[in-house]
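# Analysis of the macromolecular model
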Amino acid sequence: IFQADHGQYDGSLALVHLDDAARLFRYTDAVGGLRLKLSDPLRAPTMSRRIAADLGGTFWVVDWTQLNANWFRALKLEKTMMFLILTLIIAVAAFNIVSTLIMVVTDKRADIAILRTLGMTPPRIMGIFMVQGAIIGIVGTLLGGGLGILLALNVETVVPAIEHFFNTTFLDPSVYYISELPSDLRWSDVGTIVSASLLMSLLATLYPAWNASRTQPAEVLRYE
């Protein structure tokens, strides 16, 4: 007798002798099917097609990706939505960079005008504010990415601590298939998010930098 800590399995799964199962279901042949377990689960679709071709269509061959197709489609949709949500969060941060640089440009208009009178060209003025915005974006991306990676690597320790502190359970075994929150760090996903963050940070610097480069020294210094 064993317990899987999940109602769907505990209430519907039974392990019996093969001959007893054949008599219960009135099978003339005790063996109704075979299940293969591969050392590499990702090879299951390829092996399934190969076995089906060798059997010549006499038997029904299905792999775990086909049995759980709807579940994987839901996960794919969830992953896409999470990426969109993260992109929107990054966009909000990028707007903060825009507003910060616009305030800096407004506050430093007199200094920009003085630099223009000393011979600094508009492209160089634009480059100064682009570098400032890029530094803000790079520092923020590195800090956020580092903290995210650290949390992903220690989520199995952090989540139980939060559950214990707030006396709650995030994943109820009676509802979900799992009772713990797993974590699988994918460096490709990290690279995509970091690249998107850096790109949006760089784009956020363009308008404030362009606005600073259009500063007219005569109009600014007239009232100084």
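Values in this document were obtained by computation on a predicted structure and should not be read as measured data.

## Describing the overall build of the chain
Scanning the chain from N- to C-terminus turns up 11 helices and 0 strands. When the helices and strands of the chain are placed in sequence order, the string is α-α-α-α-α-α-α-α-α-α-α. In summary, the chain has a C-alpha radius of gyration of 30 Å against a globular reference of 17 Å for 224 residues, an excess of more than 25%. Reported as C-alpha extents along the three principal axes, the dimensions of the chain are approximately 100 × 50 × 25 Å. A burial count over the chain gives 17% of its 224 residues as buried. If you sum the accessible surface of the chain, you get close to 17,400 Å²; carbon and sulfur atoms cover 64% of it.

## A word on a nonpolar patch on the surface
A surface patch of nonpolar side chains, amounting to about 770 Å² of accessible area, comprises Leu77, Met81, Met82, Phe83, Leu84, Ile85, Leu86, Ile89 and Ile193. Ranked by residue count, the leading element in the nonpolar patch is helix 5 (residues 69–107), at 8 residues. Considering the arrangement of structural elements, one finds Ile89 in helix 5.

## A look at the packing of helix 6 (residues 109–117) against helix 7 (residues 122–153)
Axis separation between helix 6 and helix 7 bottoms out at 10 Å; the angle between their running directions is 140 degrees. For the element pair helix 6 / helix 7, the angle class is oblique. Crossing of helix 6 against helix 7: the hand is right-handed. Contacts from Ile112, Leu115 and Arg116 of helix 6 reach helix 7 at Pro122, Ile125 and Phe129.

## Quick look at the layout of surface pockets
Taken as a whole, the largest pocket encloses approximately 2,200 Å³ of empty space. What lines the largest pocket is a set of 47 residues, and nearest its centre among them are Glu78, Lys79, Met82, Asp184 and Asp189. Taken together, the elements giving at least two residues each to the lining of the largest pocket come down to helix 5, helix 7 and helix 9 (187–204). For the lining of the largest pocket, the element with the most residues is helix 5, which contributes 16 residues. Class assignment of the residues belonging to the lining of the largest pocket gives a composition of 29 nonpolar, 12 polar and 6 charged. Taken together, 22 residues form the lining of the second largest pocket, with Leu34, Arg35, Leu36, Val62 and Asp63 sitting closest to its centre. Contributing elements (two or more residues each) for the lining of the second largest pocket: helix 3 (44–55) and helix 4 (64–67). Element by element, the count of residues in the lining of the second largest pocket is highest for helix 3, at 5 residues. Considered class by class, the residues forming the lining of the second largest pocket number 15 nonpolar, 4 polar and 3 charged.

## Re the confidence of the model for the chain
Mean pLDDT for the chain: 84, with 92% of residues reaching 70 or above. For the chain, the element scoring lowest by mean pLDDT is helix 1 (residues 7–10), at 68; helix 7 scores highest, at 90.

## Details of the nonpolar core
Listed in full, the 7 residues of the largest apolar core are Val105, Ile112, Met120, Ile125, Phe129, Ala209 and Ala212. Only helix 7 and helix 10 (206–213) provide two or more residues apiece to this core. Residues within four places of Ala212 in sequence aside, it is in contact with Val105, Ile112, Ile125 and Phe129. Core analysis: the next-biggest nonpolar cluster, separate from the first, contains 5 residues, Ala94, Ile97, Val98 and Ala204 among them.

Conventions used here
- Residues numbered from 1 in each chain as written.
- Predicted model: local features only at pLDDT ≥ 70, side-chain atom pairs only at ≥ 80, totals over all residues.
- Heavy atoms only, no water.
- Helix = DSSP H or I, 4+ residues; strand = E, 2+ residues; numbered from the N terminus.
- Rg over C-alpha atoms; globule rule 2.2 N^0.38 Å.
- Buried < 20%, exposed > 50% of the residue type's maximum accessible area, 1.4 Å probe, protein only.
- Areas by Shrake-Rupley, 256 points an atom, 1.4 Å probe, with all protein chains shown as cover.
- Patch = residues over 30% accessible without salt bridge, like charges linked within 9 Å, V, L, I, M, F, W, Y side chains within 5 Å.
- Salt bridge = Lys/Arg side-chain N within 4 Å of Asp/Glu carboxyl O.
- Axes fitted to C-alpha atoms, helices over the stretch in contact; angles between N-to-C directions.
- Parallel < 35°, antiparallel > 145°, perpendicular 65-115°, else oblique.
- Left-handed = near helix turned anticlockwise from the far one by under 90°.
- Contact = heavy atoms within 4.5 Å.
- 1 Å grid on protein atoms, 1.4 Å probe; cavity = no way out; pocket = protein on both sides within 12 Å on 5 of 7 lines; lining within 4 Å.
- Points joined across faces, edges and corners; volume = space filled by probe spheres on them.
- Nonpolar A, V, L, I, M, F, W, Y, C, P; charged D, E, K, R; others polar.
- pLDDT = per-residue confidence, 0-100.
- Core = buried A, V, L, I, M, F, W, Y, C linked by side-chain atoms within 4.5 Å.

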